[in-house]
Amino acid sequence: MDYIIQTVISALSFGSFYALGALGIGLLFSVLRLINFAHGDFITIGGFALIVPSSAVVATVLIGGFHPVLLVICVVAIVIIVALLSYFLVFQHVQNSSPATMMIVSFALGYTLQNIILMIYGGRPKAVNIFPELTGQVQISDGVSVQILQLVIIAVTWILLIALVLFLRRTKVGVQMRAAAEDFRMARMLGVNGKSVIALAFILSGLLAGIMALLFVTQTGVLTFRMGTPIMLFFFIATVIGGMGSLVGAVVGGYAVGIVSVVLAAVLPGDIRIFRDALVFLIVIIILLGRPQGLVLTKSAKDRV
Amino acid sequence: MLLSVDNITVHYSRLPALREVSVFVDEGEIVCIVGPNGAGKSTTLLSISGVLNPTSGDITFDGKRINGMSPEAVARAGISQVPEGRHVFTTLNVEENLRIGTSIRQDRSDIEKDFKKVLEIFPVLAERRKQAAGKLSGGEQQMLVIGRALLTSPRIMTIDEPSLGLAPNLVDRVYETLLELRKDRGLTLLIVEQSSERALKSADRLYVLRSGQMQLEGNVADLQDGEKVRQAYFGFEESTTDDDEVAF
Ligand SMILES: Nc1ncnc2c1ncn2[C@@H]1O[C@H](COP(=O)(O)OP(=O)(O)OP(=O)(O)O)[C@@H](O)[C@H]1O
Ligand SMILES: [Mg+2]
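Residues numbered from 1 in each chain as written. Chains lettered and ligands numbered in written order. Predicted model: local features only at pLDDT ≥ 70, side-chain atom pairs only at ≥ 80, totals over all residues. Heavy atoms only, no water.

Remarks on the overall build of chain A
In step 1: In terms of helices and strands, chain A carries 11 helices and 4 strands.
In step 2: On C-alpha atoms alone, chain A measures out to a radius of gyration of 19 Å, which is about the 19 Å that the 2.2 N^0.38 rule sets for 305 residues.
In step 3: Taken along its principal axes, the extent of the C-alpha atoms in chain A is 60 × 45 × 35 Å.
In step 4: A burial count over chain A gives 51% of its 305 residues as buried.
In step 5: Of all intrachain contacts in chain A linking residues separated by at least 6 positions in sequence, the fraction that spans at least 24 positions is 74%.
In step 6: On chain A, roughly 13,200 Å² of surface is accessible, and the fraction owed to carbon and sulfur atoms is 72%.
In step 7: Charge-centre separation for chain A: the mean point of 17 positive side chains lies 14 Å from the mean point of 9 negative side chains. (Helix = DSSP H or I, 4+ residues; strand = E, 2+ residues; numbered from the N terminus. Rg over C-alpha atoms; globule rule 2.2 N^0.38 Å. Buried < 20%, exposed > 50% of the residue type's maximum accessible area, 1.4 Å probe, protein only. Contact = heavy atoms within 4.5 Å. Areas by Shrake-Rupley, 256 points an atom, 1.4 Å probe, with all protein chains shown as cover. Lys, Arg positive; Asp, Glu negative; His and termini not counted. Charge placed at Lys NZ, Arg CZ, Asp CG, Glu CD.)

Describing the coordination of the magnesium ion (ligand 2)
Residue and element names in this part refer to chain B.
In step 1: Around the magnesium ion (ligand 2), the protein contributes the donor atoms S42 (OG) and E84 (OE), which lie 1.9 to 2.5 Å from the metal centre. Of this pair, S42 sits in helix 1 (residues 41-48) while E84 is found in the loop between strand 6 (79-82) and helix 3 (94-100), placing the two residues 42 residues apart along the sequence.
In step 2: On the basis of relative accessible area, S42 is assigned to the buried category, the value being 18%. (Donors = N, O, S within 2.8 Å, 3.2 Å for Na, K, Ca; no water.)

A closer look at the nonpolar core
In step 1: Residues L50, M177, F202 and F235 of chain A together with L3 and L190 of chain B are the most contacted members of the largest nonpolar core, which totals 125 residues.
In step 2: Of all the elements, helix 8 (residues 194-220) of chain A adds the most residues to this core, at 15 residues.
In step 3: Each of two domains, domain 1 (1-23 + 39-77) and domain 2 (78-207) of chain B, supplies a minimum of three residues to this core.
In step 4: Not counting chain neighbours up to four residues away, the residues in contact with L50 of chain A comprise V61, L62, I63, G64, L71, V75, V128, I130, L214 and V217 of chain A.
In step 5: By size, the runner-up hydrophobic cluster in this structure holds 44 residues, among which are V34, V171, L223 and V229 of chain B. (Core = buried A, V, L, I, M, F, W, Y, C linked by side-chain atoms within 4.5 Å. Domains from an automatic or database assignment.)

Things to note about the site of ligand 1
All names here are of chain B.
In step 1: In the vicinity of ligand 1 lie 13 residues, with N37, K41, S42, T43 and E84 positioned nearest.
In step 2: For ligand 1, the accessible surface in isolation is 630 Å², of which the surrounding protein chains cover 58%.
In step 3: Element by element, the count of residues in the shell around ligand 1 is highest for helix 1, at 3 residues.
In step 4: Residue composition of the shell around ligand 1, by class: 4 nonpolar, 6 polar and 3 charged.
In step 5: In this structure, the shell around ligand 1 is formed jointly by two domains, domain 1 (1-23 + 39-77) and domain 2 (78-207), each of which donates at least three residues. (Near = heavy atom within 4 Å. Nonpolar A, V, L, I, M, F, W, Y, C, P; charged D, E, K, R; others polar.)

A few points about the sheet that holds strand 2 (residues 16-25) of chain B
Residues and elements named next belong to chain B.
In step 1: If you trace the 4 strands from one edge of the open sheet to the other, you get 2-1-4-5, paired in antiparallel fashion. Both outer strands of the open sheet, strand 2 and strand 5 (64-65), are each paired with one neighbouring strand and no more.
In step 2: Judged from the 5 bridges that link them, strand 1 (residues 3-11) and strand 4 (residues 56-61) form a sheet pairing that is antiparallel. Following the sheet pairing, S4 is matched in strand 4 by T60.
In step 3: Along the sheet face, helix 1 touches strand 1, strand 2 and strand 4 and points at about 115° away from the line of strand 1. (Pairing = 2+ DSSP bridges. Axes fitted to C-alpha atoms, helices over the stretch in contact; angles between N-to-C directions.)

Here is the structure:
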């Protein structure tokens, strides 16, 4: 019984994490038709922001030593700035190109960001300990204990999801964003500022990446310059499974991927477990063969101006 | 002159879709551009709205040059377009659709008044206020997009084929509404249609566009017999058959 509860919590927490990642990608895709492969590297940057920029073997905490509130604000702000810069310096100049071109540009950006980190911080993994109290266990009923961090990830995800829904439904700019996501050109013809809407999407995507950086580093305790790449792959898969362009789909896809990976890890016998990711991808292929448009239907991606 | 399109040439690819086309609209006028498929009517309106950028020529609105401006800047300047195919935001509800265009306005207090007025003009929109706009019928969607364009408080509204896909009685309703809007608030209208029939009834002036070139311009009063329009529309030098009942 306790094993089942632990697996469920673990699945939900992985799912939440992937859902947040897929949402960060989905937000940009919805207004810009950009699949941003640099999203994982935004998370990496959030992680490295915690320590003093140096290639020393042992990391010295910088922002990581701040008061928790200040720490969160600083990391999130840095990642938002990076996201915004990547719009104004890079993506803005290719935003009228095809989605394929933009995607390739995002690969290039991601690769560049990784190499900048490599240059500044060196290639060795660095240990960082933030919020150590969260990695402990908490007893949730007789004899069943789970990691606090997993509960935190689930809670943070749902707070962010609800906040995002309220933002998109209740605020003027939120409604403008939904309109622009559906028909960018029409929104502009009604006076919605296209550039601001896209910049806002980058801000939201950076906000999510910043928070994810904190959750991720708390969990792993290690920084490496390529740590964003493998998780990005899962975010991308989650986005595709959910249905490109649908934010609900991104969340559904994130949970689907997270739950499937955790359940597979739990039920597969030991010697097959190393093939878990391969099996996840196989399931993805099967899902997409049956539903090429993804799990959640959207109004198809329209041409934009 | 409120809006003046002066000798614009517009390219999608190497061949121009519009060749040195000129259109002007005076304040308070209803002007119609008619022409067959592919004539360049939509291209003209999209150029005015800043969606397309002419390769040569100028567009001025209220004395200011507006070509090269972004679509949102053109909307702010006071030109609102109801494009071909309506383009309602299907996932937004009716009220959200209507309110999208109000963000560019400074006159906060008048927005609510105008919002109420639009719901009065189109009572069906009031009934469906909280319903997703994608669930409206074609006619209701046409009313929604006209109402939405009105709420940007434009000085001139351009409409691309308002009668497309509507039953004749609904087309009458739409035109009645447009004429009333002109009468009540001095709205200037530039309307694109395939057929000249409606234009000859409702407009003040008429342009005939074919193959990217302007064929004819004139006061509707002078064109009532239809022969000139027919020639310009089909490109006949002279009516060579007796078949004057060609439907167009
Ligand atoms: N996006 C586009 N890309 C390339 N060519 C286009 C594009 N849109 C229109 N054209 C071409 O430009 C010309 C004018 O098209 P436009 O849409 O302005 O015609 P129209 O008069 O509005 O026709 P319709 O009555 O069918 O709506 C046509 O030859 C058309 O093929
Ligand atoms: Mg057209």
